[in-house]
Amino acid sequence: MSKVDRFFKISATEYDNYVRAEWQQYVDHPARANESLAALEGLVVERALDIGCGSGQELIPFVVKGSAFGVGVDVVPETGRVGRELFSELLDEARVSFVRSAAEALPFQTGSFDVAVCRLALPYTENDRALSEMARVLRPGGVLLLKIHHAAYYLRKAESGLRAADARSVIHALRVLTSGVLYYATNRQPRTRLTGGETFQTRGLLRRKLAPLGMSIESELPDSNPATPSFVIRKSTRRD
Ligand SMILES: C[S@@+](CC[C@H](N)C(=O)[O-])C[C@H]1O[C@@H](n2cnc3c(N)ncnc32)[C@H](O)[C@@H]1O
């Protein structure tokens, strides 16, 4: 069984099933798409990027409801397999493309997107490099819709693992919590054998990391919750 990546330890078939289910959930609950569009009211969206895209369902409001060109990137070999099929079922002439790439080295020119979405993929990346790439590929005034795993997510995971006597789940949660605490305290994300590479983020940590990139948190989306907050982040129009 080939594992799709280092942190997301599931088989290719399980991955396809997972991203298909995420797509279906999104299509069945149109509120999320409407909320993304409402958060971007006034912004002309011609090019949208989904980083760590899975099936790329977050592109639907821009590609299907708007007429933007959408690009989904993900690090797994299966990138685009499910997404291409589902987009063509939804809209024959959908202008969408999938590229296998790491968030830490996006193969796009500076300032090429009006919107970038990154939903629950940041925890698995080298955060500083990934955030810097997100800032780079957005045009001045562009918006990043970012959903993260807060420390509360892993505390809940540890708690439910303990209740279910699931040692693997508890150990995983504790490793990520250790990694996140070290990241918060030292400003450097540890990626060691002990901690692994996955980490949580907090509002404070994000603010600290975004400011030097010319980005700031503008608001939170309605689906924000303590475990997985969702942010509307704007790139400054200043070019210094
Ligand atoms: C929890 S899933 C979320 C998928 C999708 N955004 C969604 O909401 O359905 C995390 C995704 O991040 C991808 N990922 C992990 N590390 C990555 C990296 N370094 N660069 C790009 N994508 C990455 C995984 O392959 C996976 O598809």
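Residues numbered from 1 in each chain as written. Predicted model: local features only at pLDDT ≥ 70, side-chain atom pairs only at ≥ 80, totals over all residues. Heavy atoms only, no water.

Caption draft 1: Examining the packing of aromatic side chains more closely. Under the counting rule described, the total for this entry stands at four aromatic pairs. The interplanar angle of 85 degrees and the centroid separation of 5.2 Å between the aromatic rings of Phe108 and Phe113 together place this pair among those described as edge-to-face. For Phe108, a relative accessible area of 16% gives the class buried. Relative to Tyr154, the ring of Tyr153 has its centre 4.9 Å away and its plane inclined at 85 degrees; by these criteria the two rings are edge-to-face. Residue Tyr154 is classed as buried on the basis of its relative accessible area, which comes to 0%. An aromatic cluster is built from Trp23, Phe87 and Phe98, whose rings are joined through pairwise contacts. The ring of Phe113 is capped by Arg47, whose NZ or CZ atom sits 5.2 Å from the centre of that ring. For the cation-ring pair, Arg208 lies above Tyr184, with the distance from its terminal atom to the ring centre recorded as 4.9 Å. (Phe/Tyr/Trp six-rings, centres within 6.5 Å; stacked < 30°, edge-to-face > 60°. Buried < 20%, exposed > 50% of the residue type's maximum accessible area, 1.4 Å probe, protein only. Lys NZ or Arg CZ within 6 Å of the ring centre and 35° of its normal.)

Caption draft 2: Quick peek at the site of the ligand. Taken together, 21 residues form the shell around the ligand, and within it Tyr15, Gly52, Asp74, Ala103 and Arg119 come nearest. Within the side chain of Tyr15, an N or O atom sits 2.6 Å from an oxygen atom of the ligand. Considering every element that reaches the shell around the ligand, the biggest residue donor is helix α1 (residues 12-28), with three residues. Of the residues assigned to the shell around the ligand, the class counts are 11 nonpolar, five polar and five charged. (Near = heavy atom within 4 Å. Polar contact = N/O pair within 3.5 Å; in protein donor to acceptor, adjacent residues only side chain to side chain. Helix = DSSP H or I, 4+ residues; strand = E, 2+ residues; numbered from the N terminus. Nonpolar A, V, L, I, M, F, W, Y, C, P; charged D, E, K, R; others polar.)

Caption draft 3: Expanded view of the domain arrangement of the chain. The domain boundaries assigned to the chain delineate domain 1 (12-149 + 202-235) and domain 2 (151-200). The distance between the C-alpha centroids of domain 1 and domain 2 comes to 24 Å. Domain 1 puts 15 residues into the contact, and the matching count from domain 2 is 14 residues. For the domain 1 and domain 2 pair, buried surface summed over both sides reaches about 1400 Å², with 51% attributable to carbon and sulfur atoms. Linking domain 1 to domain 2 there are zero salt bridges. Run the count over domain 1 and domain 2 and you get nine residue pairs in polar contact (both at pLDDT 80 or more). Of all the elements in the fold, those that place two or more residues in the side of domain 1 that touches domain 2 are α5 (127-137) and α8 (203-210). A per-class count over the side of domain 1 that touches domain 2 returns five nonpolar, six polar and four charged. (Domains from an automatic or database assignment. Contact = heavy atoms within 4.5 Å. Buried area = accessible area lost by both parts, 1.4 Å probe. Salt bridge = Lys/Arg side-chain N within 4 Å of Asp/Glu carboxyl O.)

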